[in-house]
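A structural walkthrough
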Amino acid sequence: MPELKDQLRSDLTTAMKSRDELRTATLRMALAAVSAEEVAGKEARELSDDEVQAVLRREAKKRREAADAFAEAGRAQQADRERAEGEVLAGYLPAQMEDADLAALVADVITQTGASGMKDMGRVMGAANKAVAGRADGWRVAAEVRRQLG
């Protein structure tokens, strides 16, 4: 069993014992998403830690988007709940890159790929996303690539 999935299950048990409702609900949701991903497709399979992290990143992104939508609709309590769930999930993901580190990485990728303008954005984005490896959101990477190529 992948270590991250095992850690999620262990933390769920701990949260249930300590009666931490937010953490319990969030970890149950995360484990349900992982289980759904495992049985998606033609045959069931065990996810690797990287695949579990990808599921957690997707779930964290959903929480951010829901929090923004609730905040825009004037539903502050639900927005706070979504943000809190996102923070629980963020604890299982690698730390996000600083803006300066991201800018340096994108500059390096642009140099390596020989990109000269916006027409090369797709090639740069592919290489940059591989180099970032989940340590920065795609929209941040895209914004930095646009800034440097434009």
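This report concerns the structure included in the present document. Bear in mind the structure is a predicted one, so any value in this text is a computation, not a measurement. (Residues numbered from 1 in each chain as written. Predicted model: local features only at pLDDT ≥ 70, side-chain atom pairs only at ≥ 80, totals over all residues. Heavy atoms only, no water.)

The next thing to look at is the pattern of salt bridges. According to the stated counting rule, one finds 17 salt bridges in the structure shown. Taking the shortest distance from any N to any O, the salt bridge between Arg147 and Glu144 comes out at 2.5 Å. Taken together, the residues span about one helical turn, with Arg147 and Glu144 both in helix α7 (residues 138–149) at a distance of three residues. Classification of Arg147 by relative accessible area gives exposed; the value is 55%. Exposure remark for Glu144: the relative accessible area of 12% places this residue in the buried category. In the salt-bridge network here, residues are joined through shared partners; they are Glu21, Glu59, Lys62, Arg63, Arg81, Glu82 and Glu85. (Salt bridge = Lys/Arg side-chain N within 4 Å of Asp/Glu carboxyl O. Helix = DSSP H or I, 4+ residues; strand = E, 2+ residues; numbered from the N terminus. Buried < 20%, exposed > 50% of the residue type's maximum accessible area, 1.4 Å probe, protein only.)

On to helix α3 (residues 49–72). In this model α3 runs 35 Å from its N-terminal to its C-terminal C-alpha over 24 residues, within 8% of the 34 Å that 1.5 Å per residue would give. When α3 is considered as a whole, its buried residues turn out to be Val52, Val55, Leu56, Glu59, Ala60, Arg63 and Ala67. Lining the buried residues of α3 we find α1 (3–17), α2 (21–39) and α4 (76–90). Of the residues one or two after α3, Gly74 is the one with positive phi, at around 80°. (Expected span 1.5 Å × (residues − 1). Contact = heavy atoms within 4.5 Å.)

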